[in-house]
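Residues per chain are reported as follows:
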Amino acid sequence: MSEDYKEAFEKTRIAGAVAAEALDQVAKIIKPGIKTCAIDELCYEFLNDNGAYSAPLLYRGFPKSCCISTNHVVCHGIPSEKILRDGDIVNVDVTALKNGWHGDTSRTFEIGEVSIKAKKLVKTTYDAMMKGISIIKDNIYLGDIGATIQKHVEDEGFSVVQDFCGHGIGKSFHQEPNVLHYGKRGTGEKIKTGMIFTIEPMINVGNYETKTLNDGWTAVTKDKSLSAQFEHTVGVTKDGYEIFTLSKN
């Protein structure tokens, strides 16, 4: 790995660790009765206290510090006075900007006792992300990652959202390449050592189609079925990968 990659990896490692720890803090307080805006405030303050800035805040006009997406919200949910209830599933998506570099990660949390179907959805989504990550190494195709995720998800009876994808990340929040969570093996760009991008599958119980609400941000399932998401920021190494946003817990 060249010195250039080493610096990029080291800077992303630092930003990724802060983002992951913010979600560890969320895990301590998220429960029935909490407002999503309280989770947002926690994330903002934690990043600020650790020398980082919340990248989503005012990004293209986004009004809050993190995205919080509940039940049939696929992504980009805006924190509000909404109160989480027993049985909800909720994705919290945090991006830390520290020393000019980004670390982007999200987790779906189960609030209280959730349904068997919701539990299966959350597990399948996490497993799909990790299966996609597990094959990463120099010179494979992006389509190999998408195909791996799609197969696992569809084998479990769910669908992969196609309107949103993972993305390159570094000094910029979003950059090339686009990382689709569906596709065919042997297609798309070949990934190379030193590349940094996110893997962040959004998985629906029902149809994969989404629509964006009038606020211009909140994406929901068209059929109102449950949706879950997990996300890691990863780097490509010669023999494999490094996950920059792993929890220490």
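Structure: see above.
Residues numbered from 1 in each chain as written. Predicted model: local features only at pLDDT ≥ 70, side-chain atom pairs only at ≥ 80, totals over all residues. Heavy atoms only, no water.

Colleague: I'm lost on the overall build of the protein chain in this one. Help?
Modeller: Each helix and strand counted, the protein chain has four helices and 15 strands in total. Rg of the C-alpha trace for the protein chain: 17 Å, near the compact-globule value of 18 Å for 249 residues, within the 12% margin. By principal-axis analysis of the C-alpha atoms, the protein chain measures approximately 50 × 45 × 35 Å. Across the 249 residues that make up the protein chain, the buried fraction comes to 53%. By sequence separation, contacts in the protein chain at least 24 residues apart represent 70% of the contacts at least 6 residues apart. As displayed, the protein chain offers around 11100 Å² of accessible surface, 49% of which is attributable to carbon and sulfur atoms. Averaged over its 29 positive side-chain charges, the protein chain has a centre that lies 3 Å from the centre of its 33 negative ones. (Helix = DSSP H or I, 4+ residues; strand = E, 2+ residues; numbered from the N terminus. Rg over C-alpha atoms; globule rule 2.2 N^0.38 Å. Buried < 20%, exposed > 50% of the residue type's maximum accessible area, 1.4 Å probe, protein only. Contact = heavy atoms within 4.5 Å. Areas by Shrake-Rupley, 256 points an atom, 1.4 Å probe, with all protein chains shown as cover. Lys, Arg positive; Asp, Glu negative; His and termini not counted. Charge placed at Lys NZ, Arg CZ, Asp CG, Glu CD.)

Colleague: When you look at the nonpolar core in this model, what are you seeing that I'm missing?
Modeller: In summary, soluble globular proteins display a tendency toward joint burial of nonpolar side chains. Core analysis: the biggest nonpolar cluster contains 27 residues, and Ile 136, Ile 145, Ile 191, Phe 197 and Ile 199 have the highest contact counts within it. Secondary-structure elements contributing two or more residues to this core are helix 3 (116-134), helix 4 (142-155), strand 9 (196-199) and strand 14 (232-236). Of the residues forming this core, the biggest block, six residues, is contributed by helix 3. In this structure, Ile 191 is in contact with Ile 136, Lys 137, Asp 138, Asn 139, Ile 140, Leu 142, Ile 145, Phe 197 and Val 236, ignoring residues within four places of it in sequence. Judged by nonpolar contacts, the second largest core, of 21 residues, contains Val 18, Ala 22, Phe 46 and Leu 84. (Core = buried A, V, L, I, M, F, W, Y, C linked by side-chain atoms within 4.5 Å.)

Colleague: Would you mind going over unusual backbone geometry with me for this structure?
Modeller: Backbone geometry follows two general trends: most residues other than glycine have a negative phi, and most peptide bonds adopt the trans configuration. In this structure, the amide linkage connecting Glu 176 to the following residue, Pro 177, adopts the cis form with an omega of 0°. With phi around 55°, Arg 60 is a residue other than glycine that occupies positive phi space. Examined against the element boundaries, Arg 60 turns out to sit in the loop between strand 1 (53-54) and strand 2 (67-70). Phi at Asn 99 takes a positive value of approximately 55°, unusual for a residue other than glycine. Relative to the assigned elements, Asn 99 resides in the loop between strand 4 (89-98) and strand 5 (101-110).

Colleague: Even after reading the chapter, I still don't get the pairing of strand 9, so can you show me in this structure?
Modeller: Successive side chains on a regular strand alternate, one facing one side of the sheet and the next facing the other. Residues Ile 196 and Thr 198 line one face of strand 9 and the alternating positions Phe 197 and Ile 199 line the opposite face, and both faces are buried. Of the strand pairs in this sheet, strand 9 and strand 14 are connected by four bridges, and their pairing is antiparallel. Each residue of the ladder has a partner; that of Ile 196, found in strand 14, is Gly 235. (Pairing = 2+ DSSP bridges.)

Colleague: Explain the packing of helix 3 against helix 4 to me, please; I cannot follow it from the model alone.
Modeller: For any two helices packed against each other, the geometry comes down to the angle between their axes and how far apart the axes lie. Between helix 3 and helix 4, whose axes approach to 8 Å, the crossing angle comes to 150°. Put simply, helix 3 runs roughly antiparallel to helix 4. Our pair here, helix 3 against helix 4, has a crossing hand that is right-handed. Across the interface between the two elements, Thr 124, Asp 127, Ala 128, Lys 131 and Gly 132 from helix 3 touch Ile 145, Thr 148, Ile 149, His 152 and Val 153 from helix 4. (Axes fitted to C-alpha atoms, helices over the stretch in contact; angles between N-to-C directions. Parallel < 35°, antiparallel > 145°, perpendicular 65-115°, else oblique. Left-handed = near helix turned anticlockwise from the far one by under 90°.)

Colleague: Just to check I follow, could you spell out the side chain of Ser 54 for this structure?
Modeller: Along the polypeptide, Ser 54 turns up in strand 1. At a separation of 2.4 Å, a polar atom in the side chain of Ser 54 contacts the main-chain carbonyl oxygen of Ser 65. Those residues in contact with Ser 54 that sit more than four places away from it in its chain are Leu 47, Ser 65, Cys 66 and Thr 95. (Polar contact = N/O pair within 3.5 Å; in protein donor to acceptor, adjacent residues only side chain to side chain.)

Colleague: What is the right way to look at helix 2 (residues 36-49) in this model?
Modeller: Because the α-helix completes a turn every 3.6 residues, residues three or four places apart line up on one side. Over its 14 residues, helix 2 extends 20 Å from the first C-alpha to the last, a length consistent with the 20 Å expected when each residue adds 1.5 Å. Among the residues of helix 2, those classed as buried are Thr 36, Cys 37, Ile 39, Asp 40, Cys 43, Phe 46 and Leu 47. Remark: Gly 51 follows helix 2 within two positions and exhibits a positive phi of approximately 70°. (Expected span 1.5 Å × (residues − 1).)

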